[in-house]
Amino acid sequence: MSKLDAIRAAEAKLLLSTYDRNPILFVGGEGVHLIDEGGNRYLDLLSGIGVNALGYRHPAVEEALVRQGTALIHTSNLYFHEGQAELALRLTERSGLTRAFFANTGTEAWEGAMKFARAHAGLLRSEGKQIGTRFLALEHSFHGRTFGSVSTTHKAKYREPFAPVVPGVDFVRFDDIADLRSKFSNEVCAILVEAIQGEGGIRPLSQEFLAEARRLADSTGALLIIDEIQAGLGRTGKWFAYQHYGIQPDITTVAKPLAAGIPLGAVLCTEEVARAIHPGMHGTTFGGGPLACAVAIAVIDTMEKNQLLSNATEVGGYFMDGLRTLAHRHEAITDVRGKGLMLAAELDSADLAKEVVAEMLKRRILINCTSDTVLRFLPPYILTRAHVDTALAALDEILAEHAGAAHAAAAAGDVKHG
Ligand SMILES: *Cc1c(COP(=O)(O)O)cnc(C)c1O
(Lines give C-alpha, C1' and ligand atoms only; values in the text may rest on other atoms or scores of the structure.)
Protein backbone atom coordinates (compact mmCIF):
# COMPACT_ATOMS: atom_id res chain seq x y z
CA MET A 1 0.00 0.00 0.00
CA SER A 2 1.33 3.47 -0.86
CA LYS A 3 1.82 6.03 1.87
CA LEU A 4 -1.09 8.05 0.48
CA ASP A 5 -3.40 5.01 0.45
CA ALA A 6 -2.45 4.20 4.04
CA ILE A 7 -3.24 7.75 5.13
CA ARG A 8 -6.53 7.73 3.23
CA ALA A 9 -7.57 4.50 4.89
CA ALA A 10 -6.60 5.78 8.34
CA GLU A 11 -8.42 9.09 7.85
CA ALA A 12 -11.52 7.32 6.59
CA LYS A 13 -11.64 5.43 9.90
CA LEU A 14 -10.45 8.16 12.26
CA LEU A 15 -11.62 11.57 11.01
CA LEU A 16 -15.07 13.06 10.63
CA SER A 17 -15.89 12.97 6.96
CA THR A 18 -16.15 16.75 6.52
CA TYR A 19 -13.78 16.95 3.54
CA ASP A 20 -13.65 15.45 0.08
CA ARG A 21 -9.90 15.68 -0.44
CA ASN A 22 -7.98 15.41 -3.70
CA PRO A 23 -5.81 12.29 -3.65
CA ILE A 24 -2.40 13.96 -3.33
CA LEU A 25 0.05 13.93 -0.44
CA PHE A 26 2.00 17.17 -0.25
CA VAL A 27 5.25 17.19 1.66
CA GLY A 28 6.80 20.51 0.71
CA GLY A 29 6.68 23.67 -1.31
CA GLU A 30 8.88 26.28 -2.91
CA GLY A 31 7.82 29.63 -4.37
CA VAL A 32 4.51 29.15 -6.19
CA HIS A 33 4.91 25.35 -6.32
CA LEU A 34 3.78 22.56 -4.01
CA ILE A 35 5.77 19.31 -3.98
CA ASP A 36 4.19 15.89 -3.51
CA GLU A 37 5.68 12.72 -1.96
CA GLY A 38 7.11 11.69 -5.33
CA GLY A 39 8.92 15.01 -5.76
CA ASN A 40 6.44 16.25 -8.40
CA ARG A 41 5.89 20.01 -8.52
CA TYR A 42 2.43 21.57 -8.80
CA LEU A 43 1.75 25.14 -9.89
CA ASP A 44 -0.43 26.39 -7.05
CA LEU A 45 -3.06 28.88 -8.24
CA LEU A 46 -5.11 28.49 -5.07
CA SER A 47 -2.46 29.10 -2.37
CA GLY A 48 -4.23 27.17 0.37
CA ILE A 49 -7.49 29.07 -0.35
CA GLY A 50 -5.89 32.49 -0.49
CA VAL A 51 -3.62 31.98 2.52
CA ASN A 52 -0.09 31.47 1.15
CA ALA A 53 0.19 34.92 -0.39
CA LEU A 54 4.01 34.80 -0.33
CA GLY A 55 4.03 31.24 -1.66
CA TYR A 56 6.10 28.56 0.05
CA ARG A 57 9.33 28.82 2.04
CA HIS A 58 9.53 32.59 1.71
CA PRO A 59 12.75 33.68 3.49
CA ALA A 60 11.01 36.58 5.30
CA VAL A 61 8.41 34.17 6.74
CA GLU A 62 11.03 31.62 7.71
CA GLU A 63 13.15 34.30 9.37
CA ALA A 64 10.19 35.58 11.44
CA LEU A 65 9.15 32.02 12.38
CA VAL A 66 12.60 31.11 13.62
CA ARG A 67 13.23 34.43 15.38
CA GLN A 68 9.90 34.55 17.20
CA GLY A 69 9.51 30.77 17.54
CA THR A 70 12.73 30.56 19.51
CA ALA A 71 11.99 33.70 21.57
CA LEU A 72 8.33 33.40 22.63
CA ILE A 73 5.36 31.61 21.05
CA HIS A 74 2.46 32.34 23.41
CA THR A 75 1.68 34.61 26.35
CA SER A 76 -2.17 34.79 26.43
CA ASN A 77 -3.86 38.17 26.41
CA LEU A 78 -3.27 38.63 30.15
CA TYR A 79 0.13 40.22 29.40
CA PHE A 80 1.81 42.50 26.88
CA HIS A 81 4.07 41.39 24.05
CA GLU A 82 5.67 43.43 21.28
CA GLY A 83 3.63 42.22 18.33
CA GLN A 84 0.01 43.36 18.63
CA ALA A 85 0.48 47.14 18.64
CA GLU A 86 3.09 46.91 15.86
CA LEU A 87 0.76 44.84 13.69
CA ALA A 88 -2.27 46.97 14.58
CA LEU A 89 -0.33 50.05 13.46
CA ARG A 90 0.34 48.47 10.07
CA LEU A 91 -3.29 47.41 9.64
CA THR A 92 -4.84 50.68 10.78
CA GLU A 93 -2.48 52.77 8.61
CA ARG A 94 -3.55 50.76 5.57
CA SER A 95 -7.27 50.32 6.26
CA GLY A 96 -8.25 53.83 7.34
CA LEU A 97 -9.77 52.28 10.50
CA THR A 98 -8.29 53.04 13.90
CA ARG A 99 -8.64 50.04 16.24
CA ALA A 100 -7.83 46.33 16.01
CA PHE A 101 -8.87 43.13 17.78
CA PHE A 102 -6.94 39.95 17.01
CA ALA A 103 -8.58 36.54 16.66
CA ASN A 104 -7.33 33.23 15.23
CA THR A 105 -9.32 32.61 12.08
CA GLY A 106 -11.66 34.22 9.61
CA THR A 107 -14.85 33.00 11.16
CA GLU A 108 -13.70 34.09 14.61
CA ALA A 109 -12.94 37.59 13.33
CA TRP A 110 -16.42 37.68 11.77
CA GLU A 111 -18.04 36.57 15.05
CA GLY A 112 -16.23 39.46 16.71
CA ALA A 113 -17.51 41.91 14.09
CA MET A 114 -21.10 40.72 14.62
CA LYS A 115 -20.79 40.97 18.40
CA PHE A 116 -19.27 44.46 18.19
CA ALA A 117 -22.18 45.57 15.95
CA ARG A 118 -24.72 44.30 18.51
CA ALA A 119 -22.79 45.98 21.35
CA HIS A 120 -22.60 49.23 19.40
CA ALA A 121 -26.35 49.20 18.74
CA GLY A 122 -26.88 48.58 22.46
CA LEU A 123 -24.76 51.61 23.27
CA LEU A 124 -26.79 53.75 20.83
CA ARG A 125 -30.04 52.53 22.43
CA SER A 126 -28.69 53.44 25.87
CA GLU A 127 -28.12 56.92 24.46
CA GLY A 128 -31.75 57.15 23.34
CA LYS A 129 -31.37 56.20 19.68
CA GLN A 130 -33.90 53.90 17.99
CA ILE A 131 -31.91 51.02 16.53
CA GLY A 132 -32.57 47.30 16.53
CA THR A 133 -30.46 44.13 16.51
CA ARG A 134 -31.09 42.66 13.04
CA PHE A 135 -28.43 41.98 10.40
CA LEU A 136 -28.75 42.26 6.65
CA ALA A 137 -26.45 39.88 4.75
CA LEU A 138 -26.32 39.13 1.01
CA GLU A 139 -27.34 36.16 -1.06
CA HIS A 140 -24.29 34.03 -2.09
CA SER A 141 -22.38 35.38 0.93
CA PHE A 142 -19.81 33.34 2.83
CA HIS A 143 -18.65 34.45 6.28
CA GLY A 144 -17.57 31.20 7.93
CA ARG A 145 -18.78 28.09 9.73
CA THR A 146 -19.28 28.95 13.40
CA PHE A 147 -22.84 29.75 14.50
CA GLY A 148 -22.88 33.52 14.04
CA SER A 149 -20.92 33.37 10.81
CA VAL A 150 -22.93 30.53 9.34
CA SER A 151 -26.14 32.41 10.21
CA THR A 152 -24.99 35.16 7.86
CA THR A 153 -23.77 32.70 5.20
CA HIS A 154 -26.35 32.26 2.50
CA LYS A 155 -25.96 28.66 1.33
CA ALA A 156 -28.73 26.59 2.95
CA LYS A 157 -26.67 23.40 3.07
CA TYR A 158 -24.19 25.11 5.42
CA ARG A 159 -26.93 26.34 7.79
CA GLU A 160 -29.87 23.98 7.76
CA PRO A 161 -28.29 20.85 9.29
CA PHE A 162 -27.44 22.97 12.34
CA ALA A 163 -30.73 24.84 12.75
CA PRO A 164 -31.74 26.87 14.62
CA VAL A 165 -28.89 29.23 13.76
CA VAL A 166 -28.50 32.74 15.23
CA PRO A 167 -31.79 34.60 14.66
CA GLY A 168 -32.18 38.12 13.30
CA VAL A 169 -30.56 37.78 9.86
CA ASP A 170 -32.26 38.67 6.56
CA PHE A 171 -30.70 38.03 3.15
CA VAL A 172 -30.78 40.72 0.46
CA ARG A 173 -30.61 39.74 -3.21
CA PHE A 174 -27.04 40.16 -4.45
CA ASP A 175 -26.37 43.70 -5.66
CA ASP A 176 -30.13 44.50 -5.68
CA ILE A 177 -30.52 48.08 -4.42
CA ALA A 178 -34.33 47.97 -4.36
CA ASP A 179 -34.26 44.81 -2.22
CA LEU A 180 -31.68 46.40 0.11
CA ARG A 181 -33.86 49.50 0.56
CA SER A 182 -36.99 47.47 1.18
CA LYS A 183 -35.31 45.31 3.84
CA PHE A 184 -33.43 48.12 5.60
CA SER A 185 -35.01 49.88 8.60
CA ASN A 186 -33.98 51.09 12.04
CA GLU A 187 -34.39 47.46 13.17
CA VAL A 188 -31.04 46.79 11.42
CA CYS A 189 -27.81 47.17 13.42
CA ALA A 190 -25.46 46.29 10.53
CA ILE A 191 -25.27 45.61 6.80
CA LEU A 192 -22.82 42.78 6.11
CA VAL A 193 -21.11 42.38 2.75
CA GLU A 194 -18.01 41.16 0.94
CA ALA A 195 -16.99 43.88 -1.57
CA ILE A 196 -16.03 40.99 -3.86
CA GLN A 197 -17.72 37.73 -2.88
CA GLY A 198 -15.24 34.85 -2.76
CA GLU A 199 -16.91 31.48 -2.18
CA GLY A 200 -20.03 32.92 -3.84
CA GLY A 201 -18.16 32.93 -7.17
CA ILE A 202 -15.85 36.00 -7.29
CA ARG A 203 -18.72 38.46 -7.62
CA PRO A 204 -17.88 42.16 -7.17
CA LEU A 205 -20.60 44.43 -5.78
CA SER A 206 -21.47 47.46 -7.89
CA GLN A 207 -20.34 50.93 -6.85
CA GLU A 208 -24.00 51.96 -6.59
CA PHE A 209 -24.95 49.13 -4.25
CA LEU A 210 -22.05 49.67 -1.86
CA ALA A 211 -22.65 53.44 -1.86
CA GLU A 212 -26.33 52.88 -1.06
CA ALA A 213 -25.44 50.46 1.77
CA ARG A 214 -23.11 53.15 3.19
CA ARG A 215 -25.82 55.83 2.87
CA LEU A 216 -28.55 53.70 4.48
CA ALA A 217 -26.31 52.71 7.39
CA ASP A 218 -25.37 56.35 7.99
CA SER A 219 -29.05 57.35 8.00
CA THR A 220 -29.75 55.34 11.19
CA GLY A 221 -26.37 54.83 12.87
CA ALA A 222 -26.21 51.20 11.72
CA LEU A 223 -22.80 49.85 10.72
CA LEU A 224 -21.46 48.84 7.33
CA ILE A 225 -19.29 45.77 7.87
CA ILE A 226 -17.13 44.58 4.98
CA ASP A 227 -15.63 41.08 5.13
CA GLU A 228 -12.15 41.25 3.56
CA ILE A 229 -11.04 37.81 4.72
CA GLN A 230 -10.59 36.60 1.13
CA ALA A 231 -10.28 39.82 -0.89
CA GLY A 232 -8.24 41.85 1.60
CA LEU A 233 -4.55 42.44 2.30
CA GLY A 234 -3.43 43.07 -1.22
CA ARG A 235 -5.03 40.29 -3.24
CA THR A 236 -6.99 42.67 -5.46
CA GLY A 237 -4.06 45.07 -5.89
CA LYS A 238 -5.14 47.33 -3.02
CA TRP A 239 -4.78 46.59 0.67
CA PHE A 240 -8.58 46.36 0.98
CA ALA A 241 -11.06 45.64 -1.81
CA TYR A 242 -13.36 48.43 -0.55
CA GLN A 243 -10.60 50.89 -1.51
CA HIS A 244 -11.47 50.25 -5.18
CA TYR A 245 -14.87 51.80 -4.35
CA GLY A 246 -13.62 54.70 -2.22
CA ILE A 247 -16.08 53.61 0.48
CA GLN A 248 -15.04 53.12 4.11
CA PRO A 249 -16.69 50.50 6.32
CA ASP A 250 -17.20 50.89 10.08
CA ILE A 251 -15.74 47.44 10.61
CA THR A 252 -13.69 45.13 8.41
CA THR A 253 -12.34 41.64 8.99
CA VAL A 254 -9.13 40.09 7.65
CA ALA A 255 -7.54 36.66 8.05
CA LYS A 256 -6.57 34.32 5.21
CA PRO A 257 -3.22 35.77 4.00
CA LEU A 258 -2.51 37.73 7.20
CA ALA A 259 0.15 35.48 8.75
CA ALA A 260 1.18 33.32 5.78
CA GLY A 261 -0.49 30.16 7.09
CA ILE A 262 -0.09 30.67 10.83
CA PRO A 263 -3.72 31.11 11.95
CA LEU A 264 -4.52 34.78 12.62
CA GLY A 265 -7.54 36.98 12.06
CA ALA A 266 -8.29 40.60 12.86
CA VAL A 267 -11.27 42.87 13.27
CA LEU A 268 -10.58 46.53 12.44
CA CYS A 269 -13.02 49.28 13.39
CA THR A 270 -13.63 52.99 13.95
CA GLU A 271 -13.39 54.91 17.23
CA GLU A 272 -17.19 55.09 17.18
CA VAL A 273 -17.46 51.28 17.32
CA ALA A 274 -14.59 51.01 19.80
CA ARG A 275 -16.63 53.14 22.25
CA ALA A 276 -18.92 50.15 22.80
CA ILE A 277 -16.18 47.70 23.85
CA HIS A 278 -14.89 47.37 27.41
CA PRO A 279 -12.51 44.98 29.21
CA GLY A 280 -13.92 41.51 29.66
CA MET A 281 -16.65 41.78 27.00
CA HIS A 282 -14.79 39.77 24.37
CA GLY A 283 -11.52 37.88 24.19
CA THR A 284 -9.53 34.83 23.13
CA THR A 285 -6.74 32.67 24.57
CA PHE A 286 -4.66 32.31 21.41
CA GLY A 287 -5.66 35.30 19.27
CA GLY A 288 -2.88 37.74 18.39
CA GLY A 289 -0.13 35.62 19.89
CA PRO A 290 3.53 36.65 19.52
CA LEU A 291 4.36 34.09 16.80
CA ALA A 292 1.38 34.90 14.58
CA CYS A 293 1.89 38.67 14.97
CA ALA A 294 5.62 38.46 14.17
CA VAL A 295 4.89 36.53 10.97
CA ALA A 296 2.08 38.92 9.98
CA ILE A 297 4.38 41.92 10.42
CA ALA A 298 6.94 40.19 8.16
CA VAL A 299 4.21 39.42 5.60
CA ILE A 300 3.00 43.03 5.40
CA ASP A 301 6.54 44.45 5.30
CA THR A 302 7.48 42.00 2.53
CA MET A 303 4.40 42.88 0.48
CA GLU A 304 5.37 46.53 0.79
CA LYS A 305 9.11 46.08 0.15
CA ASN A 306 8.66 43.75 -2.83
CA GLN A 307 5.77 45.80 -4.27
CA LEU A 308 3.51 42.77 -4.34
CA LEU A 309 0.32 44.83 -4.63
CA SER A 310 1.58 46.25 -7.93
CA ASN A 311 2.51 42.72 -8.93
CA ALA A 312 -1.04 41.55 -8.11
CA THR A 313 -2.44 44.35 -10.29
CA GLU A 314 0.01 43.79 -13.14
CA VAL A 315 0.09 39.97 -13.30
CA GLY A 316 -3.61 39.82 -12.35
CA GLY A 317 -4.46 42.13 -15.26
CA TYR A 318 -2.41 39.95 -17.61
CA PHE A 319 -4.20 36.84 -16.27
CA MET A 320 -7.61 38.50 -16.70
CA ASP A 321 -6.81 39.51 -20.31
CA GLY A 322 -5.71 35.94 -21.00
CA LEU A 323 -8.94 34.53 -19.56
CA ARG A 324 -10.95 36.97 -21.69
CA THR A 325 -9.09 35.81 -24.79
CA LEU A 326 -9.91 32.21 -23.84
CA ALA A 327 -13.56 33.20 -23.38
CA HIS A 328 -13.59 34.41 -27.01
CA ARG A 329 -12.15 31.10 -28.18
CA HIS A 330 -14.30 28.81 -26.02
CA GLU A 331 -18.07 29.08 -25.82
CA ALA A 332 -18.03 27.12 -22.57
CA ILE A 333 -16.66 30.17 -20.73
CA THR A 334 -19.68 32.37 -20.01
CA ASP A 335 -18.03 35.06 -17.88
CA VAL A 336 -14.66 36.24 -16.57
CA ARG A 337 -14.61 38.25 -13.33
CA GLY A 338 -12.42 39.55 -10.55
CA LYS A 339 -9.72 41.98 -9.63
CA GLY A 340 -5.96 41.58 -9.26
CA LEU A 341 -5.16 38.01 -8.27
CA MET A 342 -8.73 37.15 -7.25
CA LEU A 343 -10.11 35.84 -10.54
CA ALA A 344 -12.77 33.56 -11.94
CA ALA A 345 -13.90 32.03 -15.19
CA GLU A 346 -17.50 30.87 -15.10
CA LEU A 347 -18.37 27.84 -17.24
CA ASP A 348 -21.69 26.79 -18.72
CA SER A 349 -21.88 23.54 -16.75
CA ALA A 350 -21.00 22.23 -13.31
CA ASP A 351 -19.84 18.89 -14.78
CA LEU A 352 -17.41 20.67 -17.07
CA ALA A 353 -16.10 22.81 -14.22
CA LYS A 354 -15.36 19.66 -12.21
CA GLU A 355 -13.71 18.05 -15.22
CA VAL A 356 -11.51 21.10 -15.86
CA VAL A 357 -10.32 21.15 -12.23
CA ALA A 358 -9.48 17.43 -12.49
CA GLU A 359 -7.70 17.86 -15.84
CA MET A 360 -5.69 20.79 -14.48
CA LEU A 361 -4.69 18.61 -11.52
CA LYS A 362 -3.48 15.91 -13.96
CA ARG A 363 -1.29 18.62 -15.51
CA ARG A 364 -0.13 19.49 -11.98
CA ILE A 365 -1.88 22.86 -11.78
CA LEU A 366 -4.06 23.54 -8.73
CA ILE A 367 -7.29 25.53 -9.07
CA ASN A 368 -10.73 24.91 -7.64
CA CYS A 369 -14.35 25.27 -8.46
CA THR A 370 -16.67 27.36 -6.31
CA SER A 371 -20.38 28.04 -6.61
CA ASP A 372 -20.72 24.91 -8.88
CA THR A 373 -19.69 26.44 -12.20
CA VAL A 374 -16.96 28.95 -11.31
CA LEU A 375 -13.26 28.18 -11.79
CA ARG A 376 -11.48 30.17 -9.09
CA PHE A 377 -7.90 31.47 -9.10
CA LEU A 378 -6.35 32.76 -5.85
CA PRO A 379 -2.62 32.43 -6.58
CA PRO A 380 0.25 33.69 -4.41
CA TYR A 381 1.08 37.37 -4.96
CA ILE A 382 4.54 36.39 -6.23
CA LEU A 383 3.00 34.92 -9.40
CA THR A 384 4.72 35.84 -12.69
CA ARG A 385 3.48 36.12 -16.27
CA ALA A 386 5.26 32.86 -17.11
CA HIS A 387 3.14 31.01 -14.55
CA VAL A 388 0.01 32.58 -16.02
CA ASP A 389 1.06 31.45 -19.53
CA THR A 390 1.41 27.87 -18.27
CA ALA A 391 -2.06 27.94 -16.72
CA LEU A 392 -3.74 29.56 -19.72
CA ALA A 393 -2.15 27.10 -22.17
CA ALA A 394 -3.42 24.18 -20.08
CA LEU A 395 -6.93 25.65 -19.85
CA ASP A 396 -6.97 26.29 -23.59
CA GLU A 397 -5.98 22.70 -24.32
CA ILE A 398 -8.52 21.21 -21.89
CA LEU A 399 -11.40 23.32 -23.22
CA ALA A 400 -10.43 22.54 -26.83
CA GLU A 401 -10.39 18.81 -26.06
CA HIS A 402 -13.77 19.13 -24.38
CA ALA A 403 -15.24 20.99 -27.36
CA GLY A 404 -13.73 18.40 -29.74
CA ALA A 405 -15.21 15.54 -27.71
CA ALA A 406 -18.60 17.29 -27.61
CA HIS A 407 -18.52 17.78 -31.41
CA ALA A 408 -17.56 14.15 -31.98
CA ALA A 409 -20.39 12.99 -29.71
CA ALA A 410 -22.85 15.26 -31.53
CA ALA A 411 -21.63 13.98 -34.91
CA ALA A 412 -21.95 10.36 -33.74
CA GLY A 413 -25.47 11.21 -32.54
CA ASP A 414 -26.31 12.66 -35.97
CA VAL A 415 -25.13 9.50 -37.68
CA LYS A 416 -27.20 7.35 -35.34
CA HIS A 417 -30.33 9.44 -35.69
CA GLY A 418 -29.81 10.19 -39.40
C1 LIG B 1 -12.68 31.93 4.28
C2 LIG B 1 -13.62 33.03 4.60
C3 LIG B 1 -14.18 33.17 5.89
C4 LIG B 1 -13.92 32.16 6.99
O5 LIG B 1 -12.58 32.07 7.34
P6 LIG B 1 -12.05 30.77 8.16
O7 LIG B 1 -10.64 31.13 8.51
O8 LIG B 1 -12.18 29.60 7.25
O9 LIG B 1 -12.92 30.64 9.35
C10 LIG B 1 -15.00 34.24 6.11
N11 LIG B 1 -15.28 35.15 5.14
C12 LIG B 1 -14.76 35.04 3.91
C13 LIG B 1 -15.08 36.09 2.89
C14 LIG B 1 -13.93 33.98 3.58
O15 LIG B 1 -13.44 33.85 2.34
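About the thresholds
- Residues numbered from 1 in each chain as written.
- Predicted model: local features only at pLDDT ≥ 70, side-chain atom pairs only at ≥ 80, totals over all residues.
- Heavy atoms only, no water.
- Near = heavy atom within 4 Å.
- Polar contact = N/O pair within 3.5 Å; in protein donor to acceptor, adjacent residues only side chain to side chain.
- Areas by Shrake-Rupley, 256 points an atom, 1.4 Å probe, with all protein chains shown as cover.
- Nonpolar A, V, L, I, M, F, W, Y, C, P; charged D, E, K, R; others polar.
- Domains from an automatic or database assignment.
- Contact = heavy atoms within 4.5 Å.
- Buried area = accessible area lost by both parts, 1.4 Å probe.
- Salt bridge = Lys/Arg side-chain N within 4 Å of Asp/Glu carboxyl O.
- Helix = DSSP H or I, 4+ residues; strand = E, 2+ residues; numbered from the N terminus.
- Disulfide = S-S within 2.5 Å.
- Buried < 20%, exposed > 50% of the residue type's maximum accessible area, 1.4 Å probe, protein only.
- Pairing = 2+ DSSP bridges.
- Axes fitted to C-alpha atoms, helices over the stretch in contact; angles between N-to-C directions.
- 1 Å grid on protein atoms, 1.4 Å probe; cavity = no way out; pocket = protein on both sides within 12 Å on 5 of 7 lines; lining within 4 Å.
- Points joined across faces, edges and corners; volume = space filled by probe spheres on them.
- Expected span 1.5 Å × (residues − 1).

Observations concerning the site of the ligand
Argument step 1. In the region of the ligand, the neighbouring residues are Thr105, Gly106, Thr107, Phe142, His143, Gly144, Glu194, Asp227, Ile229, Gln230 and Lys256.
Argument step 2. One nitrogen or oxygen atom from the main chain of Gly106 is found 2.8 Å from an oxygen atom belonging to the ligand.
Argument step 3. In this structure, an oxygen atom belonging to the ligand sits 2.8 Å away from a side-chain N or O atom of Gln230.
Argument step 4. With the chains in place, 82% of the 380 Å² that the ligand exposes on its own is no longer accessible.
Argument step 5. Class assignment of the residues belonging to the shell around the ligand gives a composition of 2 nonpolar, 6 polar and 3 charged.

Some remarks on the domain arrangement of the protein chain
Argument step 1. When its domains are assigned, the protein chain resolves into domain 1 (3–58 + 307–417) and domain 2 (72–305).
Argument step 2. Measuring from the centre of the C-alpha atoms in domain 1 to the corresponding centre in domain 2 gives 28 Å.
Argument step 3. If you look at the interface, domain 1 gives 28 residues, while domain 2 gives 29 residues.
Argument step 4. For the pairing of domain 1 and domain 2, the buried interface totals around 2300 Å² over both sides, and the portion due to carbon and sulfur atoms is 61%.
Argument step 5. Ranking the residues of domain 1 by area buried against domain 2 places Leu309, Met342 and Tyr381 at the top, with a combined share of 29%.
Argument step 6. Between Arg376 and Glu199 there is a salt bridge, and its shortest N-O distance comes to 2.9 Å.
Argument step 7. Here domain 1 is connected to domain 2 by 15 residue pairs in polar contact (both at pLDDT 80 or more).
Argument step 8. The element best represented in the side of domain 1 that touches domain 2 is helix H12 (residues 308–329), accounting for 4 residues.

Overview of the state of the cysteines
Argument step 1. Across all of its chains, the model carries 0 disulfides by this definition.
Argument step 2. Here Cys293 stays free of any disulfide, with the sulfur of Cys269 as its closest cysteine sulfur at 16 Å.

Considering the side chain of His143
Argument step 1. Summarising the element assignment, His143 is placed in the loop between strand E5 (134–138) and helix H6 (147–151).
Argument step 2. Residue His143 is classed as buried on the basis of its relative accessible area of 2%.
Argument step 3. At a separation of 2.8 Å, a polar atom in the side chain of His143 contacts the side chain of Asp227.
Argument step 4. Beyond its immediate chain neighbours, meaning those up to four positions away, His143 contacts Thr107, Trp110, Ser149, Thr152, Thr153, Val193, Glu194 and Asp227.

Notes on the pairing of strand E14 (residues 342–347)
Argument step 1. The element E14 is largely enclosed, with a buried count of 6 among its 6 residues.
Argument step 2. For strand E13 (residues 333–339) and E14, the ladder comprises 6 bridges, and the chain directions are antiparallel. Bridging across to E14, Ile333 finds its partner in Leu347.
Argument step 3. In this antiparallel pair of consecutive strands, E13 and E14, the connection spans 2 residues, and Gly340 shows a positive phi of 60°.
Argument step 4. Relative to strand E17 (residues 374–377), E14 is paired through 4 bridges, and the arrangement is antiparallel. Bridge pairing in E17 links Ala345 to Leu375.

Considering the sheet that holds E17
Argument step 1. Taking strand neighbours across the sheet as the criterion, the 4 strands line up as E13-E14-E17-E16 in an open arrangement whose pairing is antiparallel. Two strands lie at the open edges of the sheet, namely E13 and strand E16 (368–370), each paired on one side alone. Pairwise comparison of adjacent strand axes, ignoring direction, gives a mean angle of 30° for this sheet.
Argument step 2. As paired elements, E16 and E17 share 3 bridges and run antiparallel to each other.

Overview of empty space enclosed by the protein
Argument step 1. Considering all chains together, one arrives at 1 cavity of 30 Å³ or more under this definition.
Argument step 2. By volume, the largest cavity is sized at about 30 Å³.
Argument step 3. Considering the residues around the largest cavity, the lining is formed by His74, Thr75, Ser76, Asn77, His81, Gln84, Thr285, Phe286, Gly287, Gly288, Gly289 and Pro290.
Argument step 4. Across the lining of the largest cavity, the residue classes break down as 2 nonpolar, 10 polar and no charged.

Things to note about the environment of Ile131
Argument step 1. For Ile131, the position within the fold is in the loop between helix H5 (106–126) and E5.
Argument step 2. Discounting chain neighbours no more than four positions away, the residues touching Ile131 are Ala121, Leu124, Arg125, Asn186, Val188, Cys189, Thr220, Gly221 and Ala222.

Some thoughts on helix H9 (residues 207–220)
Argument step 1. With 14 residues, H9 extends 21 Å between its outermost C-alpha atoms, agreeing within 8% with the 20 Å of an ideal straight helix rising 1.5 Å per residue.
Argument step 2. Where H9 is concerned, the buried positions are Phe209, Leu210, Glu212, Ala213, Arg214, Leu216, Ala217 and Thr220.
Argument step 3. Against E5, strand E6 (169–172), helix H8 (177–183), strand E7 (188–193) and strand E10 (223–227) lie the buried residues of H9.
Argument step 4. Among the residues trailing H9, Gly221 stands out with phi positive, at a value near 90°.

Notes on the sheet that holds strand E4 (residues 99–103)
Argument step 1. Read from one edge to the other, the open sheet built from 7 strands follows the order E4-E12-E11-E10-E7-E5-E6, with strand pairing classed as mixed. What marks the edges here is a single partner per strand, and that holds for E4 and E6. Strand after strand, the sheet turns through a mean of 20° between neighbouring axes, direction not considered.
Argument step 2. Two elements, E10 and strand E11 (residues 251–254), share 3 bridges in a ladder whose sense is parallel.

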